[in-house]
Amino acid sequence: MAKRYLILEDGSAYAGEGFGAGATTSGEVISNLNLLGYQETITDQIYHNQIIIFAQPAIGNVGINHDSYESILPTAKGMVVRDVTNISTNRLSRLSLDEFLQQHNIPGISGIDTRHLIRKLRQEDGPMKGSIVDVADAHAFDQLNATVLTNRQVDQVATPKPYPNPDTGKNVVVIDFGLKHGILRQLSERRCNVTVLPWTASAQDVLNLDPDGVLLSTGPGSPLDLGEGVLDMIREVQAEIPLFAIGLGHELFALANGAELTMLPVEYHGSSHPIRRIITNDIIYATQGQGYAVIAKSIDRDRLITTYVDLINGTVQGLRHRDFPAFSVQFFADGAPGPHESRDLFDEFMEAMTARREG
Amino acid sequence: MPNLDNIQKVLIIGGGPTEIGHETELDSATVQIITSFKKHGVRTLVIDNNPFSVALEEIQPTNMYVQAVTTANVRHIIEKDQPDAILPTLGGLLGIRIAQELVENGDLANFNVRLLGMPTTTLQQINNPADLNATLKEIHEPVIEAQVVGTLDEARGLVEKIGFPLIVKPVAPRLDTNRTVCDNVDDMFNALTQGFQQSRFDQCTLERSVIGYKEIEMVAVRDVADTEVLVAGLENVDTIGIHSGDSILVTPPQTLNDREYQDLRDATFRIATELGIVGVLHLHFALNPANQHFYVTKIAPYFSRGVALAARTTGYPIALVNGALLLGQKLVDIKLPSQYVKQTVIMEPTIDHVSVRIPIWPFQEVPDADQHLNTVMKAVGSTVGVGRSVEEAMLKAVRSSQFSPRDVLPSVSNLTDGEMIRQLIHPLANRILVLIEALRRGYAPEELSELTKIDNYYFVKLRHLLTIEKEIQDNPLDVATLQRARYYGFGDGMIARIWQTDTATIRHLSAQAKITPTYKMIEPTAGEFPENLSGYYSTFEYENESQPLGDRTALVLGRGGNQLGPNSAAEYFTTEMLKQLKRAGYHTILMNTNPNAVGVAPEFTEKQYVDPIQLGDVLNVIQVEHPDIVIVPGNRHYLTRELGKLPINLHVLPPDQETGEPAPEMATIGVSLFVHKQQKIAVGVMDMIAPGINKSLAQVTAFRMPAELPKAKRVNLVEQAKEAVSARQVTGMIQVLFAPKSDDSQQLVVVGVRPTRLTEMAFLSKVTGVNWVRMLTRQHIGTLDEGELAKISIDLNSTRVALMNAAFPFRQLHVLNRPGTTDQEVGATIAFGSSEALTLTNLSDTSELDQIINRTI
Amino acid sequence: MAKVVVDAMAMQRALTRITYEIIERNKGVDDLVILGIKTRGVYLARRIASRLQQLENVTVPVGDLDVTPYRDDIEHDAQSEPEVTATNMDFSVAGKKVILVDDVLYTGRTIRAAMSAVMDLGRPKSINLAVLVDRGHRELPIRADFVGKNIPSSQRERIKVSVSEIDDRDAVEIQQA
């Protein structure tokens, strides 16, 4: 395998071995602390334009599986790992990670002291750009420094056209900001008749479909870049039908209801933090992936109730509207990858829709 | 559930002697639980008769019941001392069984004693598969349907329905394990006949075989408020069919996808909730790799090897946390010592390294045992390797498990192809070496996976190691190759052997090329938080996290994985020595690869290195820490010799058992002296008992003190012993051996002088109340005060008699029970009493000895 | 034959949703009081109150009503009407928004008795009804404002609600009579 480098904005360079695509890419460098689930992670659209450092040291062990895609077309910019195995014969695997990355033009670099990088990043204050390159020379650093990362991530990954995922149950409209498949799988398991709409859909577009409920999906980037239109849509829809929002959707739901956001000094991606469910005062674990957080003090208590909170960093992890059956969580309630206990929220959503119908 | 206010006194049921199935990990957890209880103002009573118990050193004599761990004795203590609660989860299956009997016979209710760790209903289910299965079915957890049978006829009638292979398991067995896989009716009848005898209810269960499924273990903790944390998942490399204690174990699991892993996590939590576990829960699952279906195969709500490994490999302080949980604290409220980041207890551990545990078997010492690995556990110990890749962790574990003084792996290249295939299908103790050999001979990973049911992934990893080995062979003395070899876990000794040079050359090359180890902390947040924990392992990367502890540092090398012989005693020795070094103001560092060792618990040392105890790795640690003293165990001759060549302050402790004069053929009396400068303190005069017909010294495995001799005779022997010692230049803990002058003579003469054996040193400490390990340590580090020593007076004629008897693994290994030799010992039991109570009428009668030791007080 | 129709998790969720709906409907928790109908309604009422406390950090008064001898879920003499025989509350309902909580809503007669008892105690601002299960078969024009789950049932069936405070678990089961 070819010697390649991970270079960072701060001038540091780390030598390793390339795998996957031989492309030279730049992106925001973030770390993922999940114990397993590299395929779900690399295919999750929230990593659009990001280079992911994996804490899990051995990657590729189970190849690529048909049921572990969070999107079919991954848009991450790279994988940084300690050790990678090319294996494709393991049970359901049809494809090795290496082949998969080549097909999608995503470079990987192995043999990196990922623990060092994670320890280093945690001390950073703000995002750090990086590149996976063949030569770590001045030119490469110039290129990196000159790279301006897009703020139109949602446009680049979300569906431009509506499409259905038919079933026989509740009518659910999913607004796609960079939807992860885990959400669709959870709705499918509950027999929902899903219509996925582009994120630019208006309240009229949503309500025309006469849905039982609407779900705002996860997605990449900053919610602040998406404009007022989507917030208007949320405000109008939430007053009419049950609404459930996850990840980026949660951040938008918060904005639509007067809360403010802050950018975290270091993005957090992992599933080890205890999250308190306030109403029952118990603790759950869920996969989290966030660069922004709702500012607790900015929450208008006449409009929103805080429902979940991260016990480690104190961030708001869930909100609920006071007047409507509309609620949101910051963490990934679909549990793909990661703990499953938060999948209960999809049942809550179902029951909210049922109550609305019957009520 | 209990709360902190109304539990003031807890009785811990000890684990008894070390045996196959549990080593010193129970002792280690007990020490930590006692510490935790103490912090919460709870008084701890302990019943145990393990003379090598460190826990018994940690409590006041008045709280200590050195008695056989039996239901009758526990009941007696309950009656006498009226504890508020009993804790059975530190005593292995024995503790669970005793607690169950106390529930069944109403003692717990009558004496108003609470059960800690789980509700009594759960306790009863743990030993009753049918009940347990019913509960699990109720919460939709898949179980293998077990049918209870009491006769061969009943079993015959079920055969058609279940189908072969099937598994026979005794109901409420008196021992751990004993699942037998049967391929035909004859096998089944044999297994049933044996099983009925082992069952407390003369019953067995029959169930479908899940042989070939992956065996995955999960270790979790739960509090009274139903908050649950999954501490670790463990993957057995060998599939169901080989006992998990005999399988190579990898953590975190490497060949599961996230969904499978999370499904098992869900199941673990549902079961913990349903069973109302408070504290630790260790589960086993059989996972069908073809369709991802799984079954629950074992539920162990108590401390075990798996729990110890989970704690060691994540840095999550399971035992400390458990102590608080048992007293009713919630996970969110538990406060840990300051080196932990505040929320560590409630964060689900995530780790950025790989650990591999490899078992160690006793077949060298017990050659007549069936050496096939199957559903009955045979391993007596294990070693763990930690690394940043599976290759590195695996190779480190293998290097540690083979006990090669020069760090070279043995070869099995002399196997014929036929033998090799046979051993792939019916594995023996050299399992890992045979797997490697098959790859060496060109078998493809997929083929081997077919043959062995081991996941293809592991063969791909092993083959990668062979590729690197080939690179080493092809590039002698090449620096880039050396870098790569070390990166993947090759030891200096291995590389030196391949390059036909010596370790010094390898180290010189490495130093020149700056190929230096980087030590990484073993901590449960994968680098997310600045934990300050004490466990480290080496790898060859960018950042080193281990900073030297500074002045006055002692580096203690452990003995590695447990083997037969004086190992538990050595473990006791090392731990007591570490405590003494700490007391003497040393920063203590332990290097050890035994995940079950007491000393590796963070309580005993400031730092632990989990790395092979091989010359290269030891020198690497010395280079980082610059210790003032290095202490090497007496059984590591090559290491001692090589380290002795260097300008370091080297001590050999525990002392080498092999030094001194040629051993006499036999001895009947041993006089122990502590020799320091001009002083010779008489420590004890004991009977050296060789149970059985053969009376050779190696058969001396029981001891009685004081010896059954007239008082004057004892005094006389002590005088003779002192003379014998004076004639020789020896110091430390010395034993002078006596034997009758001739077969028909009563006169005892000196037949030999040797360092007191480790087992006997522990015995002497327990009997005299003076910790001789600490004395010996102080002698070595020069802090022994002669005046203080002079004040020690030992009553050599005490009327309180003590008896110690070695325990052997013969029954568990299914070989003929017999008097064993010292190098076959797995543990020991101790008893105190009046001279009448402990009188032996026939020294050759082993069952009489057993009866006396295990008598009801 | 008993069939679990609401398991522990679902019961937790139902109570959670009812709690949120109470907040939605009442625009907060001001002037709220909760009255549980014995036996299981009392525990459900306490759970709702504890949820409100967690969310709003406000202690909502909880009381209970004992309605005897009549029980909705067993055969009864059509002549006898249920009546409230005891109340246990240390607060006044006058001017308050009362939430009545019961486990099963069936004929509605229990609720009617409960409502008259509440009215006798003082004039509340409003009375709302929250039930874990609405099984249908109403004999009076009564309707729950907050329903955990609608379980259309046969009159021959029995709906059994278990709560972990006094039973061994949380569950709703349908039993054939």
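These numbers come from a predicted model, not from an experiment. Throughout, residues of each chain are indexed from 1 in the direction in which the sequence is written. Here chains are named by letter from A upward and ligands by number from 1 upward, in the order in which they appear as written. Given that the model is predicted, a residue must reach a pLDDT of at least 70 before its local features are reported, and side-chain atom pairs must reach 80 or more before they are shown or counted; all residues, however, enter totals for whole chains, interfaces and linings. Derived side-chain values reflect all non-hydrogen atoms in the structure, with water molecules and hydrogen atoms excluded from consideration.

In terms of regular secondary structure, chain C is built from three helices and nine strands. Helix and strand labels come from DSSP, where a helix needs a run of H or I of at least four residues and a strand needs a run of E of at least two; each type is numbered from the N terminus. Written out in order from the N terminus, the α and β elements of chain C read β-α-β-α-β-β-β-α-β-β-β-β. Our radius of gyration looks at C-alpha atoms and nothing else; its globule reference is 2.2 Å times the residue count to the power 0.38. The C-alpha atoms of chain C give a radius of gyration of 15 Å, which matches the 16 Å a tight globule of 177 residues would have. Only protein chains enter the accessibility calculation, which uses a 1.4 Å probe; a residue is then buried when its area is under 20% of its type maximum, exposed when over 50%, and partly exposed in between. Taking all 177 residues of chain C together, the buried fraction comes to 54%. Residue exposure ignores everything except the shown protein chains as possible cover, and the areas themselves are Shrake-Rupley values with a 1.4 Å probe. Approximately 8200 Å² of chain C is accessible, and the part contributed by carbon and sulfur atoms is 46%. Note that His is not counted, nor are the chain ends; the positive residues are Lys and Arg, and the negative ones are Asp and Glu. Charged side chains are reduced to one point each, which is NZ for Lys, CZ for Arg, CG for Asp and CD for Glu. Separation between the mean location of the 25 positive side-chain charges and that of the 27 negative ones in chain C comes to 4 Å.

Residue and element names in this part refer to chain C. Inspection of the secondary structure puts Val5 in strand 1 (residues 2-6). Residue Val5 is classed as partly exposed on the basis of its relative accessible area, which comes to 23%. What makes two residues a contact is simply this: any of their non-hydrogen atoms within 4.5 Å. If we ignore the near neighbours within four places in the chain, the residues touching Val5 are Lys149, Ile151, Val172, Glu173 and Ile174.

Residue and element names in this part refer to chain B. Working definition of a nonpolar core: buried Ala, Val, Leu, Ile, Met, Phe, Trp, Tyr and Cys residues. They are joined through side-chain atoms within 4.5 Å. In terms of nonpolar packing, the biggest core is built from 150 residues, with Phe303, Ile318, Leu331, Phe674 and Trp772 touching the most fellow members. For this core, the element with the most residues is helix 20 (residues 567-583), which contributes seven residues. Leaving out residues up to four positions away in the same chain, Phe674 has contacts with Gln679, Lys680, Ile681, Val683, Gly732, Met733, Trp772, Met775, Leu776, Gln779, Leu784 and Leu789.

A few words on the pattern of salt bridges. Salt bridge, as used here, is a side-chain nitrogen of Lys or Arg placed within 4 Å of a carboxyl oxygen of Asp or Glu. Tallied over the full model, the rule gives 78 salt bridges over all chains. In this structure, the salt-bridge partner of Arg115(A) is Glu523(B), at a minimum N-O distance of 2.7 Å. Note that Arg115(A) is positioned in helix 3 (residues 114-121) and Glu523(B) in the loop between strand 17 (518-521) and strand 18 (535-539), a pairing that runs across two chains. Considered together, Arg115(A) and Glu523(B) belong to a single accessibility category, that of buried residues. The partner of Glu471(B) in a salt bridge is Arg484(B), with the nearest N and O atoms 2.8 Å apart. Taken as a pair, Glu471(B) in helix 16 (residues 456-474) and Arg484(B) in helix 17 (residues 479-487) lie far apart in primary sequence, 13 residues in all. Looking at Glu471(B), the relative accessible area reads 24%, which means it is partly exposed. Look at Arg484(B) and you get partly exposed, because its relative accessible area is 24%. Each member of the salt-bridge network shares a partner with another, and the members are Arg190(A), Arg277(A), Asp282(A), Asp344(A), Asp347(A), Glu351(A) and Arg13(C).

Let's shift gears to the arrangement of the chains. With two pairs of chains in contact overall, the contact-richest pair is chains A and B. Without any contact between them, chain B and chain C keep their closest C-alpha atoms 10 Å apart.

The relation between two aromatic rings is expressed through the spacing of the ring centres and the mutual angle of the planes. Ring pairs are drawn from Phe, Tyr and Trp, using the six-membered ring of Trp, whenever the two centres fall within 6.5 Å, and their geometry is named by plane angle: stacked under 30 degrees, edge-to-face over 60, tilted for the rest. With the rule as written, the count across this model stands at 16 aromatic pairs over all chains. Ring centres 5.3 Å apart and planes at 80 degrees place the aromatic pair Phe244(A) and Phe346(A) in the edge-to-face group. Highlighted residues: Phe244(A) in strand 14 (residues 243-246) and Phe346(A) in helix 10 (residues 344-358), separated in sequence by 102 residues. Summarising the burial analysis for this pair, Phe244(A) and Phe346(A) share the class buried. On the numbers, 5.3 Å between centres and 80 degrees between planes, the contact of Tyr308(A) with Phe331(A) is edge-to-face. One end of the pair, Tyr308(A), is in strand 19 (residues 304-310); the other, Phe331(A), is in the loop between strand 21 (326-329) and helix 10, and 23 residues separate them in sequence. Neither Tyr308(A) nor Phe331(A) differs from the other in exposure class; each is buried. In this structure an aromatic cluster arises from ring pairing among Phe244(A), Phe327(A), Phe346(A) and Phe349(A). Geometrically, a charge over a ring is one whose NZ (Lys) or CZ (Arg) sits within 6 Å of the ring centre while staying within 35 degrees of the ring normal. Lying over the aromatic face of Phe810(B), Arg818(B) brings its terminal NZ or CZ to 4.3 Å of the ring centre.

Below, the discussion takes up the pairing of strand 4 (residues 50-54) of chain A. Residues and elements named next belong to chain A. Among the five residues in strand 4, five count as buried, and that is most of the element. Side chains of strand 4 alternate between two faces, with Gln50, Ile52 and Phe54 and Ile51 and Ile53 buried alike. Here the rule is simple: two strands pair whenever DSSP picks up at least two bridges between them. Relative to strand 4, strand 3 (residues 25-32) runs parallel, the two sharing five bridges. Across the sheet, Asn32 pairs through a bridge with Phe54, a residue of strand 4. When strand 4 meets strand 6 (residues 78-80), the two strands line up parallel, connected through three bridges. Each residue of the ladder has a partner; that of Ile51, found in strand 6, is Gly78.

Here we come to helix 14 (residues 431-440) of chain B. Residues and elements named next belong to chain B. Burial analysis of helix 14 places nine of its ten residues in the buried class, which makes it a mostly covered element. Those residues of helix 14 not exposed but buried are Arg431, Ile432, Leu433, Val434, Leu435, Ile436, Glu437, Ala438 and Leu439. Residues of helix 14 that are buried sit in contact with helix 12 (390-401), helix 13 (417-425), helix 15 (445-452) and helix 16. With its phi angle positive at about 95 degrees, Gly442 sits one or two positions after the end of helix 14.

Another aspect to go through is the sheet that holds strand 13 (residues 279-287) of chain B. Residues and elements named next belong to chain B. In space, the seven strands of this open sheet follow the order 14-13-10-11-12-15-16, with antiparallel pairing throughout. The open sheet is flanked by strand 14 (294-300) and strand 16 (381-387), the only strands paired with a single partner. Ignoring strand direction, the axes of neighbouring strands in this sheet form an average angle of 25 degrees. The pairing of strand 12 (residues 249-251) with strand 15 (residues 354-360) spans three bridges and is antiparallel. Counted as the bridge partner of Leu249 is Arg357 from strand 15. Convention adopted: a line fitted to C-alpha atoms gives each axis, helices being fitted over their contacting stretch, and angles between N-to-C directions are expressed from 0 to 180 degrees. Where helix 9 (residues 258-275) meets the sheet, it contacts strand 10 (214-222), strand 11 (228-236), strand 13 and strand 14, and its direction lies at approximately 125 degrees from that of strand 11.

So, about the UniProt feature "binding site: L-glutamine" (unreviewed entry) in chain A. All names here are of chain A. In the numbering used here, UniProt assigns the feature "binding site: L-glutamine" (unreviewed entry) to Gly219, Gly221, Leu248, Gly291 and Tyr292. Across 74 residues, the annotated set stays spatially compact, with a maximum C-alpha separation of 12.1 Å. Tracing the backbone shows Leu248 in helix 9 (residues 248-256). For Leu248, a relative accessible area of 3% gives the class buried. Ignoring sequence-local partners within four residues, the contact set of Leu248 consists of Val154, Phe177, Ser217, Thr218, Gly219, Pro220, Gly221, Ser222, Pro223 and Leu226. UniProt positions are given in the numbering used here, feature names are shortened, and annotations may be inferred rather than shown by experiment.

Facing the 21 residues of chain A at the interface are 18 residues of chain C. Values labelled buried area give the accessible surface lost by two parts on being combined, using a 1.4 Å probe and summing over both. Between chain A and chain C, the buried area comes to about 1800 Å², and carbon and sulfur atoms account for 53% of it. Summed over the shared surface of chain A and chain C, the result is six salt bridges. Salt-bridge contacts for Glu24(C) lead to Arg320(A); the nearest nitrogen and oxygen are separated by 3.3 Å. In protein, a polar contact requires one atom able to donate a hydrogen and another able to accept it; more generally it is a pair of N or O atoms within 3.5 Å, and residues adjacent in sequence count only if both atoms are side-chain atoms. For the pair chain A and chain C, the interface holds five residue pairs in polar contact (both at pLDDT 80 or more). At the level of elements, strand 19, strand 20 (316-321) and helix 10 of chain A are the ones that each hand at least two residues to the side of chain A that touches chain C. Residue contributions to the side of chain A that touches chain C peak at seven residues, all from helix 10 of chain A. Here the side of chain A that touches chain C is built from residues that sort into seven nonpolar, six polar and eight charged. As a working rule, the residues Ala, Val, Leu, Ile, Met, Phe, Trp, Tyr, Cys and Pro are called nonpolar, Asp, Glu, Lys and Arg charged, and the rest polar, with Gly in that last group.

Residue and element names in this part refer to chain B. Its twelve residues place the ends of helix 12 16 Å apart at the C-alpha level, agreeing with the 16 Å of an ideal helix rising 1.5 Å per residue. The element helix 12 is extensively covered by neighbouring structure, given that twelve of its twelve residues are classed as buried. Those residues of helix 12 that fall on the buried side of the exposure criterion are Val390, Glu391, Glu392, Ala393, Met394, Leu395, Lys396, Ala397, Val398, Arg399, Ser400 and Ser401. Just downstream of helix 12, Phe403 is the residue with a positive phi angle, here 50 degrees. How far a helix is expected to stretch is found by multiplying one less than its residue total by 1.5 Å.

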